[in-house]
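Working through the structure, step by step
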Amino acid sequence: MTERAGIERSDDGEVAVVRLAHGPVSAMDVELCEAVAAQFRALVADPARAVVLTGTGRSFSAGADLRRFVAEGEPYARRFLPALDAMFRAVFDLAKPVVAAVNGHAIAGGCVLAACADVTLMAEGKGRIGVPELRVGVPFPRSAMEVVRYAVGDVAARRLMLGAQTYAVAQVHALGLVDGVVAPELLLGQAVERARALAADVPADTFAFTKQQLRRDARERMDRYADEDDATAALWVRRATDGWTAAYLESVTGK
């Protein structure tokens, strides 16, 4: 097993298993985003033929570390957003099969990260998934918006993003957020087998080309609307300092 800050990498044959292991809920901060992005960029030339991305304990990822965001304010927000964008793009762009094994809560950025995969499996249980960014008070970075649109389609993406809710496991298959719900003890094994099958059943270059074709429109929109970045950052900065996100945090944590 190899480790980067907040993640662990192990191998099951030709399948790389990348595990988020960053604090109790793998909340996304600059360091975790940079570690995941670096790992997925390294996987481009890695011998592994497929990847499983999973979490630890009861959470896949609870999304952005909002406590740090509020505590450190504008300087941190302006570092965090580019790191978050780079992470989503690195996972979304990897030309190899990627299966997300969502072991528990996948909230906001955690949901988007899972949606970057080619196949998303979620464990049965109390885990919730969704994109409540608007309740937090912040807009979606363009990369996150395009990942969600790619994963579930325009109509469902609009409902998910504007609805700003999280959903129980029983609801997520119908919403299109996951491709299957699996018993917790079987989740990782089934994800590895699904990843292995994707790599074995199709020539690697054909898979990579087809994946690029499927994601081309989403990727082009990410680049085309890069002029939104400053406005997006400005709203994140405002929420870090005007009390809205702090009030949201108190409403969901009680402290």
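Above: the structure in question.
Everything in this summary refers to the structure shown in the same document.

Conventions and cut-offs
- For every chain, the first residue of the written sequence is number 1, and numbering continues from 1 onward in sequence order.
- Selection of residues for local features in this predicted model requires a pLDDT of at least 70, selection of side-chain atom pairs for listing and counting requires 80 or more, and totals for whole chains, interfaces and linings are taken over all residues.
- Excluded from the side-chain calculations are hydrogens and water; all other atoms, namely the structure's heavy atoms, are used.
- Only buried Ala, Val, Leu, Ile, Met, Phe, Trp, Tyr and Cys residues count toward a nonpolar core, and they belong to the same one when joined by side-chain atoms within 4.5 Å.
- To sort residues, take the accessible area from a 1.4 Å probe on protein chains only and compare it with the maximum for the residue type: under 20% means buried, over 50% means exposed, and anything in between is partly exposed.
- Working definition: helices are DSSP H or I runs of at least four residues, strands are E runs of at least two. Numbering for both runs from the N terminus.
- Note on definitions: a residue-residue contact is assigned when non-hydrogen atoms from the two residues lie within 4.5 Å.
- When DSSP locates at least two bridges between a pair of strands, those strands are taken to pair.
- Simply put, an axis is a line fit to the C-alpha atoms, just over the touching stretch for a helix, and the angle between two N-to-C directions goes from 0 to 180 degrees.
- Classes in brief: Ala, Val, Leu, Ile, Met, Phe, Trp, Tyr, Cys and Pro nonpolar; Asp, Glu, Lys and Arg charged; the others, Gly included, polar.
- For this document, the term salt bridge refers to a Lys or Arg side-chain nitrogen within 4 Å of an Asp or Glu carboxyl oxygen.

1. Some points on the nonpolar core
Membership of the largest hydrophobic core comes to 68 residues, with the highest contact counts inside it found for Phe40, Met87 and Leu113. A total of 13 residues in this core trace back to one element, the largest contributor, which is helix α2 (residues 66-93). If we ignore the near neighbours within four places in the chain, the residues touching methionine 87 are Met28, Cys33, Val36, Ala37 and Leu113. Judged by nonpolar contacts, the second largest core, of 15 residues, contains Leu121, Val182, Ala191 and Val192.

2. Considering the pairing of strand β8 (residues 119-123)
By the criterion of burial, β8 is predominantly enclosed, with 5 of the 5 residues buried. Side chains Val119, Leu121 and Ala123 project from β8 onto one buried face, and the interleaved Thr120 and Met122 project onto a second face that is buried too. Where strand β6 (residues 98-102) and β8 come together, 4 bridges link them in parallel fashion. Directly across from valine 102, in β8, lies its bridge partner methionine 122. Across 3 bridges, β8 lies against strand β11 (residues 180-182) in parallel orientation. Note on β11: the bridge partner recorded for methionine 122 is valine 181.

3. Description of the environment of alanine 115
Tracing the chain through its elements places alanine 115 in helix α3 (residues 109-115). For alanine 115, a relative accessible area of 10% translates into the label buried. Each C-alpha atom, one on alanine 115 and one on alanine 77, is 23 Å from the other, the two residues being 38 residues apart in sequence. Apart from the residues within four sequence positions on either side, alanine 115 is in contact with Val147 and Ala151.

4. Topic: the environment of leucine 175
Within the secondary structure layout, leucine 175 lies in helix α7 (residues 169-175). Distance in space between the C-alpha atoms of leucine 175 and alanine 157 is 9.3 Å, their sequence separation being 18 residues. Contacts of leucine 175, omitting those with residues within four sequence positions, involve Val152, Ala156, Leu160 and Tyr167.

5. Observations concerning the packing of α2 against helix α5 (residues 142-152)
Where α2 contacts α5, the axes come no closer than 9 Å and their chain directions differ by 35°. Two secondary-structure elements touch here, α2 through Asp85, Phe88, Arg89 and Phe92 and α5 through Ser143, Ala144, Val147 and Tyr150. Tallied by class, the residues present in the contact of α2 with α5 amount to 5 nonpolar, 1 polar and 2 charged.

6. Details of the pattern of salt bridges
As enumerated under the stated definition, the model contains 22 salt bridges in all. Measuring nitrogen to oxygen at the nearest pair gives 3.8 Å for the salt bridge that ties arginine 49 to glutamate 14. A residue pair is termed long-range when its members are at least 10 positions apart, and arginine 49 in the loop between α1 (30-43) and β4 (50-54) and glutamate 14 in the loop between β2 (7-12) and β3 (15-20) qualify at 35 residues. Note that arginine 216 and glutamate 220 form a salt bridge whose closest N and O atoms lie 2.9 Å from each other.

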